[in-house]
Amino acid sequence: MSDHDQTGQEAQSRISAAEDLSALEALRVEYLGKQGSISGLLKTLGKMTPEERQEKAPAIQALRQSVTDAITARKAELEAAELEARLATETLDLTLPAPQAPQGSVHPVSQVMDELAEIFADLGFAVATGPEIEDDWYNFTALNMPESHPARAMHDTFYFPDTAPKGGKMLLRTHTSPVQVRTMLAEGAPLRIIAPGRVYRSDSDATHTPMFHQIEGLVIDKGIHLGHLKWTLETFLKAFFETEDIVLRLRPSYFPFTEPSVEVDVGFAIENGKRILGGSGDEAGHGWMELLGSGMVNRRVIEMSGLDPDEWQGFAFGVGVDRLAMLKYGMDDLRAFFDGDTRWLNHYGFSPFDQPTLSAGVGARS
Ligand code: DAH
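The name given to the chain in an unreviewed UniProt entry is Phenylalanine--tRNA ligase alpha subunit, and the organism recorded there is Aurantiacibacter rhizosphaerae. Per UniProt, the chain carries the Catalytic activity (unreviewed entry) text "tRNA(Phe) + L-phenylalanine + ATP = L-phenylalanyl-tRNA(Phe) + AMP + diphosphate + H(+)".

This is the structure we're talking about:
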């Protein structure tokens, strides 16, 4: 047997014994790499005479070919075995249940805001928004509260150090009323909007949190009067509380941005220590609960919002959304709204499938 035959046989048996791809690669380098032994043999051909080369070259080239083929074949075997092994560990158990989906719930405040948007959309109101970081001018001045106005002091405002574009300071809006001014300036009249959103006041106890939610309503048109306001509020509250038995009491009040101003109370009865809406608050065992502020938009506000108050009139109202949620769904501590306690959220939260619609009822079942 020639030397080449022996090298060839030895290489074949080492290649077929290679246990994995890296062992095989080491053999390839050993035989066929730049410094490999078969590559070395090939190099010797260059130094031979043509006759010698003619005689020796076929055997060396045959050796290189057989080792190359053996490596290719073994590589295919090893790769197939590796794939088999991987497939065997990656079985899919079709009887497994689906993984638990992350479960969240819709916060009662969001749910109530959706309910309100649905009710007012039916009455032709669009949803408007404004910034929470507000300019003093929109939050106060344009709402008929000039700098020295005493009502400003009642708002416990959070101020920023920055000077606002219109003078004064930047602040966290203390109510949603500035959206009235912004919308009139941007869209003119006639208008029918609600503006739900966050508002901020430096105040904190069982019934006050530094951030809470309001919804503002504004109607601007020709010949609008208090009767329109009363009908709208009655219609909205009956739809929201899903009862025809809603009795309102309109009480004269004062807000700088409305004239006349009206505070609206709703009659309730006490049953088993709980307040149940319905009936006149003057009946025995009943009472009145203050629900919202409203009134005819002050001429000065209409003027500062770029409209002619002799041509356009309107009414506005502002309601606490958190308060509406507490009344409708029976929570009694406002602070729990913002604790993020998952037990509370699971109990009072709503399913995302519980979309409020007028046809199915805006009262979602949690
Ligand atoms: N902005 C008032 C507040 O936060 C609520 C309010 C009262 C809004 C009367 C109105 C309104 O639009 O007409 O206390």
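### Focus on a negative patch on the surface
Together, Glu19, Asp20, Glu79 and Glu82 make up a negatively charged patch on the protein surface. Using a relative accessible area of 51% as the deciding quantity, one classes Glu82 as exposed.

### With respect to the side chain of Arg74
Here Arg74 shows up in helix H4 (residues 50-89). Looking at Arg74, the relative accessible area reads 16%, which means it is buried. Among the polar contacts listed, one links the side chain of Arg74 to the backbone oxygen of Ala18, at a separation of 2.8 Å.

### Overview of the layout of surface pockets
What the largest pocket holds in volume is close to 1100 Å³. Around the largest pocket, the lining is made up of 38 residues, and of these Arg201, Phe212, Gln214, Phe255 and Glu290 lie nearest the centre. Elements represented by at least two residues in the lining of the largest pocket include exactly strand S6 (211-221), strand S7 (248-255), strand S8 (258-271), strand S10 (286-297), strand S11 (313-320) and helix H11 (321-329). Partitioned by chemical class, the residues of the lining of the largest pocket number 15 nonpolar, 15 polar and 8 charged.

### What about the packing of aromatic side chains?
For the structure on display, the rule yields 12 aromatic pairs. Centre to centre, the rings of Phe337 and Trp344 are 5.2 Å apart; their planes meet at 50°, and the pair counts as tilted. Note on accessibility: Phe337 and Trp344 belong to one class, buried. For the pair Trp344 and Tyr348, a centre-to-centre distance of 5.0 Å together with 45° between the ring planes defines the contact as tilted. Taken together, the positions of Trp344 and Tyr348, both in helix H12 (residues 342-348) and 4 residues apart, correspond to about one turn of that helix. With a relative accessible area of 12%, Trp344 lands in the buried category. For Tyr348, a relative accessible area of 22% gives the class partly exposed. In this structure an aromatic cluster arises from ring pairing among Phe120, Phe125, Phe236, Phe240, Phe241 and Phe317. Just above the ring of Trp137 sits the side chain of Lys166; from NZ or CZ to the centre is 4.6 Å.

Rules of the game
- Residues numbered from 1 in each chain as written.
- Predicted model: local features only at pLDDT ≥ 70, side-chain atom pairs only at ≥ 80, totals over all residues.
- Heavy atoms only, no water.
- UniProt positions renumbered as here; feature names shortened; annotations may be inferred.
- Patch = residues over 30% accessible without salt bridge, like charges linked within 9 Å, V, L, I, M, F, W, Y side chains within 5 Å.
- Areas by Shrake-Rupley, 256 points an atom, 1.4 Å probe, with all protein chains shown as cover.
- Salt bridge = Lys/Arg side-chain N within 4 Å of Asp/Glu carboxyl O.
- Lys, Arg positive; Asp, Glu negative; His and termini not counted.
- Charge placed at Lys NZ, Arg CZ, Asp CG, Glu CD.
- Buried < 20%, exposed > 50% of the residue type's maximum accessible area, 1.4 Å probe, protein only.
- Helix = DSSP H or I, 4+ residues; strand = E, 2+ residues; numbered from the N terminus.
- Polar contact = N/O pair within 3.5 Å; in protein donor to acceptor, adjacent residues only side chain to side chain.
- 1 Å grid on protein atoms, 1.4 Å probe; cavity = no way out; pocket = protein on both sides within 12 Å on 5 of 7 lines; lining within 4 Å.
- Points joined across faces, edges and corners; volume = space filled by probe spheres on them.
- Nonpolar A, V, L, I, M, F, W, Y, C, P; charged D, E, K, R; others polar.
- Phe/Tyr/Trp six-rings, centres within 6.5 Å; stacked < 30°, edge-to-face > 60°.
- Lys NZ or Arg CZ within 6 Å of the ring centre and 35° of its normal.

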